[in-house]
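Listed here are the chains, written in short residue letters.
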Amino acid sequence: SATVLLGIAPWYLVGAAIVARRGDNVVGWLFVTIGLTWTTGFVASGYADLPSSEPGPALTWASWYGAWFWIPAIGLPLVLILVFPTGDVPSPAWRPVLIVMLVAFSVGVVRFALAETLQATSAAPEVTNPIGVPGLGRTDFGGEAPILVVFLGSLTAALVAFVVRFRRSSGVERQQLKWMAYLGTPLLVAGWFVGIWLSELGFRLGELIGALGFAAVPLAAFMAITRSRLYEIDRIFSRTASWAVVTG
């Protein structure tokens, strides 16, 4: 839908802009990959959820991809936080953490991709996995405790690494990190929580707010990397905080 495109498109655009200027920086490729993963995942899950979808190879493979795409779709943004904005971890001591995160996400993908039965969404039909391992039952979205532990641990590690990088940074890099800390992350969290809350109440506006929150991260990164009016961010944040207090 147009709302989904509104939330995903900035990831493509910002990623392409970064790659065009700094193709050697993994940050740009992460943005593009995250956008591509969400797009293809929504297409596959949407197809599997259609009442008109007939049993066959198309439904099977759409269900197969829809069963595991969400792991890299959620995991790669955590990797992005860990390596932003330089494209590398804050220090060599953090490289084992990055390796553990990537291995854990890969194991999760393999686990869900080899499930004996597949179901892209709760409303989609359940199909047999042609490459499934007998006895490895189907799991729902986040339906296993280990993968939840991996995500929570990765989120904690990414945030700690961000704080460590922020405390050690100076000059331009510090200002870049401020854009993400003051704009991207708060709007992402607020957008998702408010969006989910409104959606649960039946308001279609919730989907739009959630999409705008998801788009805040690449937009904040774009402002940081291009350094557009970079050193006015403290003034912008101060005015935003003052406006929020007065409005409240």
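Small disclaimer: the values here were computed from a predicted structure and weren't measured. Here the residue numbering is sequential within each chain, running from 1 through the sequence in written order. Only residues with pLDDT of at least 70 get local features here, since the model is predicted, and only at 80 or more are side-chain atom pairs given and counted; chain-wide, interface and lining totals rely on the full set of residues. In computing side-chain properties, one takes all heavy atoms of the structure into account and sets aside hydrogens as well as water.

Q: So, the overall build of the protein chain: which residues are in play, and what are the values?
A: From N to C terminus, the protein chain includes nine helices and two strands. When its helices and strands are written in sequence order, the protein chain yields α-α-α-α-α-β-β-α-α-α-α. Partly exposed residues are those whose accessible area sits between 20% and 50% of the maximum for their type, while under 20% is buried and over 50% is exposed, using a 1.4 Å probe and protein chains only. Out of the 248 residues in the protein chain, the part that is buried amounts to 41%. Sequence-distant contacts, at least 24 apart, represent 66% of the contacts inside the protein chain between residues at least 6 apart. Helix numbering and strand numbering both begin at the N terminus, where a helix is a DSSP run of H or I of at least 4 residues and a strand a DSSP run of E of at least 2. What makes two residues a contact is simply this: any of their non-hydrogen atoms within 4.5 Å.

Q: Before we move on, could you go through the nonpolar core and cite the residues and values that matter?
A: Grouping buried Ala, Val, Leu, Ile, Met, Phe, Trp, Tyr and Cys residues that are joined through side-chain atoms within 4.5 Å yields what is termed a nonpolar core. The biggest cluster of nonpolar side chains holds 52 residues, and the ones touching the most others in it are F31, I71 and L82. For this core, the elements supplying multiple residues, two or more each, are α1 (2–21), α2 (26–49), α3 (57–68), α4 (70–83), α5 (95–113), α6 (145–168), α7 (171–200) and α8 (205–226). A per-element tally of this core places α4 first, with nine residues. For I71, the residues in contact, after removing those within four places along its chain, are F105, G108, V109, F112, I147 and F151.

Q: For unusual backbone geometry, give the residues involved together with the corresponding values.
A: Residue P85 is bonded to the preceding F84 through a cis peptide linkage, with omega at 0°. Within the fold, P85 resides in the loop between α4 and α5.

Q: Which residues make up the packing of aromatic side chains, and what are the values?
A: Centres within 6.5 Å are what make two rings of Phe, Tyr or Trp a pair, Trp counting through its six-membered ring; a difference in plane orientation under 30 degrees is then read as stacked, over 60 as edge-to-face, and the rest as tilted. Scanning all chains against the criterion turns up eight aromatic pairs. For the ring pair W11 and F31, a centre distance of 5.2 Å and an interplane angle of 45° mean the geometry is tilted. Of the two residues, W11 sits in helix α1 while F31 sits in helix α2, which places them 20 residues apart along the sequence. Each member of the pair, W11 as well as F31, is classed as buried. Taking 5.0 Å as the distance between ring centres and 90° as the angle between the ring planes, the aromatic pair formed by Y65 and W68 counts as edge-to-face. On the criterion of helical spacing, the pair formed by Y65 and W68 is a turn pair, its members being three residues apart in helix α3. Of the two residues, Y65 and W68, both sit in the buried class.

Q: Which residues make up the packing of α4 against α5, and what are the values?
A: Between α4 and α5, the shortest axis-to-axis distance is 10 Å and the interhelical angle comes to 175°. By the angle between their axes, α4 is roughly antiparallel relative to α5. The residues of α5 that touch α4, namely those facing W70, I71, P72, G75, L78, V79 and L82, are L98, M101, L102, F105, G108, V109 and F112. Put simply, Ala, Val, Leu, Ile, Met, Phe, Trp, Tyr, Cys and Pro go in the nonpolar bin, Asp, Glu, Lys and Arg in the charged bin, and everything else, Gly too, in the polar bin. Per-class residue counts for the contact of α4 with α5 are 12 nonpolar, two polar and no charged. Here an angle of 0 to 180 degrees is reported between the N-to-C directions of two axes, which are lines fitted to C-alpha atoms, with helices fitted over the stretch in contact. Our angle categories are set so that under 35 degrees counts as roughly parallel, over 145 as roughly antiparallel, 65 to 115 as roughly perpendicular, and the remainder as oblique.

Q: Report on a nonpolar patch on the surface, specifying residues and quantitative values.
A: What goes into a patch is any residue over 30% in relative accessible area without a salt bridge, connected to like charges within 9 Å or, for nonpolar side chains (Val, Leu, Ile, Met, Phe, Trp, Tyr), within 5 Å. Areas reported here follow the Shrake-Rupley algorithm with a probe of radius 1.4 Å; residue values treat only the protein chains shown as occluding. By definition, a salt bridge exists where a carboxyl oxygen of Asp or Glu is found within 4 Å of a side-chain nitrogen of Lys or Arg. On the surface, L6, L208 and L212 cluster together into a nonpolar patch covering about 230 Å² of accessible area. For L212, the location among the structural elements is in helix α8. Taking relative accessible area as the criterion, L212 reaches 44% and is therefore assigned partly exposed.

Q: Could you give an account of the environment of G191, naming the residues involved and the relevant values?
A: Residue position: G191 is located in helix α7. Taking the relative accessible area as the measure of exposure, G191 reaches 6% and is therefore buried. Sequence separation between G191 and E207 is 16 residues, and the spatial gap between their C-alpha atoms is 9.3 Å. When residues no more than four places from it in sequence are discounted, the contact partners of G191 are I209, G210 and G213.

Q: Help me get a handle on the side chain of T60, residues and values and all.
A: Tracing the chain through its elements places T60 in helix α3. For T60, the contacting residues outside a window of four places in its chain are L118, V127, T128 and P130.

Q: Give me α2: which residues, what numbers.
A: Multiplying 1.5 Å by the residue count of a helix minus one yields the expected span of that helix. With 24 residues, α2 should cover 34 Å at 1.5 Å per step; its first-to-last C-alpha distance of 34 Å lies within 8% of that length. Among the residues of α2, those classed as buried are V27, G28, L30, F31, I34, G35, T37, W38, G41, A44, S45 and A48. Under the rule applied, a polar contact is a pair of N or O atoms within 3.5 Å (in protein, one hydrogen donor and one hydrogen acceptor; residues adjacent in sequence only if both atoms are side-chain atoms). Where α2 begins, the capping side chain belongs to N25, and its oxygen is found 2.9 Å from the backbone nitrogen of V27.

Q: Now, about the environment of A67: what can you tell me, with residues and values included?
A: Here A67 is to be found in helix α3. Separated by 51 residues in the primary sequence, A67 and L118 place their C-alpha atoms 6.4 Å from one another. When neighbours within four sequence positions are excluded, A67 is seen to be in contact with F112 and L118.

The values are spatial; any link to function lies outside them.
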